[in-house]
Amino acid sequence: MIKVGIVGGTGYTGVELLRLLAQHPQAEVAVITSRSESGVRLCDMFPNLRGYYDDLVFSVPDTNVLGSCDVVFFATPHGVAHSLAAELLASGTRVIDLSADFRIKDAQEWAKWYGQPHGAAELLPEAVYGLPEVNREKIKEARLIAVPGCYPTATQLGLIPLLENGLVDPLRLIADCKSGVSGAGRGAKVSSLFTEAGESMMAYSVKGHRHLPEIAQGLRLAAGGEVGLTFVPHLTPMIRGIHATLYASLIDSSIDLQQLQQLYENRYANEPFVDVMPAGSHPETRSVRGANVCRMAIHRPQDGNLIVVLSVIDNLVKGASGQALQNMNILFGLDERLGLGNPGLLP
Ligand SMILES: NC(=O)C1=CN([C@@H]2O[C@H](COP(=O)(O)OP(=O)(O)OC[C@H]3O[C@@H](n4cnc5c(N)ncnc54)[C@H](OP(=O)(O)O)[C@@H]3O)[C@@H](O)[C@H]2O)C=CC1
Ligand SMILES: CC(=O)N[C@@H](CCC(=O)OP(=O)(O)O)C(=O)O
């Protein structure tokens, strides 16, 4: 059994990780932290987990205790893993971080977007960006994994096949993305109130969102050179889900939809958690709700050189906790699908 610790067990991604791990045959959650709920039984706070973790009690984060685990997940705000990861790695514990602390390779770039100095720049060279569809071999050898963000997962998976094959102009990419409100976390915020977000939709951070440098970093690697990306996130009145509408311009406009479809099907043929739908389909966020799947479809809406890729994920699953668990499975040499077998929730 893999002994698991979770730092930040009361947040949305922490509790989603617990839901998924409850069905994992080879992992056992041994430590779960919360500073505000220390001493409270997990099942008393989250009744959906009754019967799965009846003995588990929240405790304050303590690296001595967490260091007895084989792997520790950080489901915490940015900066927390910076301060605790080195000590855990020194005790032989692997670290899988759901926050953005180790996603961007350039510490100064990170500091610019996150508004605080990078707290563990010495660990950046060894941190592996945990997008299995790109980095599976590196994940197998990693000690420290940076789980991609939600918008970055949907966007990169949708655009990478085009960029890897040099088919589109890398300097003219557009990602028009919509998120459910759980993407903002469980902390109380006026913008997350039902009265504010429940029947309204808005774009935000159009000037520049912190996921822009993360997405651009991944797309540059796929393209083998500079990229130009316009990324506009939106908050929508749903609880879970990311819907990314991605626009790119073909360099050779004679490539037809069937060829593009074949390219995507080949690229993801061996990926258990990417579903390329028939060309011209319209993937819905509810079809991936609760599932560790990125579902996508390719369109060529008119004559000319425009391609539109529609890519949907559940922000809390393939966009966070499910992808984190997928990384754990790869890291420990297990079947990548363990604990992640459930389909989306319709209706
Ligand atoms: N929500 C989403 O869709 C996604 C979130 N993420 C990222 O995952 C991380 C967690 O997100 P989410 O679950 O939404 O966040 P929440 O705000 O819902 O939860 C945060 C958790 O971290 C704990 N925490 C807060 N501050 C500290 C601290 N200084 N030290 C230790 N523990 C702390 C909190 O418990 P307590 O304060 O009691 O200790 C709580 O359990 C974030 O970095 C987020 O950006 C990534 C992808 C998608
Ligand atoms: C709707 C909403 O607020 N979404 C968050 C992104 C989701 C998230 O938590 O991002 P990370 O994966 O980087 O942690 C935001 O825009 O900051």
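As the structure is a prediction and not an experimental result, all values here were calculated from the model. (Residues numbered from 1 in each chain as written. Chains lettered and ligands numbered in written order. Predicted model: local features only at pLDDT ≥ 70, side-chain atom pairs only at ≥ 80, totals over all residues. Heavy atoms only, no water.)

A.B. asks: I would appreciate a short explanation of the overall build of the protein chain in the present structure.
C.D. replies: On a plain count of helices and strands, the protein chain comes out with 11 helices and 13 strands. Over its C-alpha atoms the protein chain spans a radius of gyration of 20 Å, differing by no more than 12% from the 20 Å that the globule rule assigns to 347 residues. Along the first, second and third principal axes, the C-alpha set of the protein chain runs to 60 × 45 × 40 Å. For the protein chain, with 347 residues in total, the buried portion stands at 55%. For the protein chain, contacts bridging at least 24 residues in sequence account for 70% of all contacts bridging at least 6. When the accessible surface of the protein chain is totalled, it reaches about 14,700 Å², and 51% of it is carbon and sulfur. Across the protein chain, the mean location of the 28 positive side-chain charges is 2 Å away from that of the 35 negative side-chain charges. (Helix = DSSP H or I, 4+ residues; strand = E, 2+ residues; numbered from the N terminus. Rg over C-alpha atoms; globule rule 2.2 N^0.38 Å. Buried < 20%, exposed > 50% of the residue type's maximum accessible area, 1.4 Å probe, protein only. Contact = heavy atoms within 4.5 Å. Areas by Shrake-Rupley, 256 points an atom, 1.4 Å probe, with all protein chains shown as cover. Lys, Arg positive; Asp, Glu negative; His and termini not counted. Charge placed at Lys NZ, Arg CZ, Asp CG, Glu CD.)

A.B. asks: Before we go on, may I ask you to explain the site of ligand 1 in this structure?
C.D. replies: Near ligand 1, the surroundings consist of 26 residues, among which T10, S34, R35, S36 and T76 are the closest. Between G8 and ligand 1, the recorded distance is 3.5 Å, taken from a backbone N or O atom to an oxygen atom. When ligand 1 is considered free in solution it has 880 Å² of accessible area, and contact with the protein chains removes 84% of it. One can see that ligand 1 is located within the largest pocket. Put simply, the parts of the chain that give the shell around ligand 1 at least two residues each are α1 (12-21) and α11 (317-331). When its residues are assigned to classes, the shell around ligand 1 shows 8 nonpolar, 15 polar and 3 charged. Three or more residues apiece are contributed to the shell around ligand 1 by two domains, here domain 1 (2-126) and domain 2 (151-315). (Near = heavy atom within 4 Å. Polar contact = N/O pair within 3.5 Å; in protein donor to acceptor, adjacent residues only side chain to side chain. 1 Å grid on protein atoms, 1.4 Å probe; cavity = no way out; pocket = protein on both sides within 12 Å on 5 of 7 lines; lining within 4 Å. Sits in = over half its atoms within 2 Å of the grid points. Nonpolar A, V, L, I, M, F, W, Y, C, P; charged D, E, K, R; others polar. Domains from an automatic or database assignment.)

A.B. asks: Where do I start with the sheet that holds strand β5 (residues 128-129) in this structure?
C.D. replies: The strands that make up a sheet pair up through hydrogen bonds in the backbone, lying either parallel or antiparallel. One open sheet holds the 6 strands; their spatial order is β2-β1-β3-β4-β6-β5, and the pairing between them is parallel. One side of each edge strand has no neighbouring strand; the edge strands of this open sheet are β2 (27-33) and β5. Strand direction decides the pairing type here: strand β1 (residues 2-7) and β2, joined by 6 bridges, are parallel. Note on β2: the bridge partner recorded for K3 is E28. Its contacts with the sheet place helix α4 (residues 80-90) against β3 (71-74), β4 (94-97) and β6 (144-146), and it is angled at close to 175 degrees to β3. (Pairing = 2+ DSSP bridges. Axes fitted to C-alpha atoms, helices over the stretch in contact; angles between N-to-C directions.)

A.B. asks: What's the story with the sheet that holds strand β8 (residues 202-203) in this structure? I'm lost.
C.D. replies: Strand order in the open sheet formed by 7 strands is β8-β9-β7-β10-β13-β12-β11, with mixed pairing between adjacent strands. Among the strands making up the open sheet, the edge pair consists of β8 and β11 (274-276). Direction of pairing for β8 relative to strand β9 (residues 229-235): antiparallel, over a ladder of 2 bridges. Residue M202 lies in a different strand from β9, and its bridge partner there is L235. Where helix α9 (residues 211-223) meets the sheet, it contacts β7 (173-179) and β9, and its direction lies at approximately 135 degrees from that of β9.

A.B. asks: Where do I start with the UniProt feature "domain: Semialdehyde dehydrogenase NAD-binding" (unreviewed entry) in the protein chain in this structure?
C.D. replies: When the UniProt feature table is mapped onto this chain numbering, "domain: Semialdehyde dehydrogenase NAD-binding" (unreviewed entry) sits at residues 3-142. Between the C-alpha atoms that bound residues 3-142 there is a distance of 17 Å. The span itself is 34% helix and 16% strand. (UniProt positions renumbered as here; feature names shortened; annotations may be inferred.)

A.B. asks: Can you walk me through the pattern of salt bridges in this structure?
C.D. replies: Applying the stated rule across the entire model yields 16 salt bridges. Two residues, R143 and E126, come together in a salt bridge whose shortest N-O distance is 2.7 Å. You can see R143 sitting in the loop between α6 (132-141) and β6 and its partner E126 sitting in the loop between α5 (107-114) and β5, a full 17 residues away along the chain. R295 is paired through a salt bridge with D275; the nearest N and O atoms lie 2.6 Å apart. In this pair, R295 sits in strand β12 (residues 294-299) while D275 sits in strand β11, placing the two residues 20 residues apart along the sequence. (Salt bridge = Lys/Arg side-chain N within 4 Å of Asp/Glu carboxyl O.)

A.B. asks: Help me out: how do you make sense of the side chain of D314 in this one?
C.D. replies: Along the chain, the position of D314 falls in the loop between β13 (306-313) and α11. Contact partners of D314, with chain neighbours within four places excluded, come to R240, G241, V288, R289, G290, A291 and G319.

A.B. asks: Is there a simple way to think about the UniProt feature "active site" (unreviewed entry) in the protein chain in this case?
C.D. replies: As recorded in UniProt, the sites labelled "active site" (unreviewed entry) are C150. Secondary-structure assignment places C150 in helix α7 (residues 150-164). Setting aside chain neighbours within four positions, we find C150 in contact with H211, I242, I313, N315 and G319.

A.B. asks: Sorry, what's going on with the site of ligand 2 here?
C.D. replies: In the region of ligand 2, 13 residues are neighbours, and R103, Y204, H209, R210 and H211 sit closest. Here H209 contributes a side-chain N or O atom positioned 2.7 Å from an oxygen atom of ligand 2. Take R210: an N or O atom from its side chain is 2.8 Å from an oxygen atom of ligand 2. In the complex, the protein chains occlude 82% of the 430 Å² of accessible area that ligand 2 would expose alone. Among the detected pockets, ligand 2 sits in the largest pocket.

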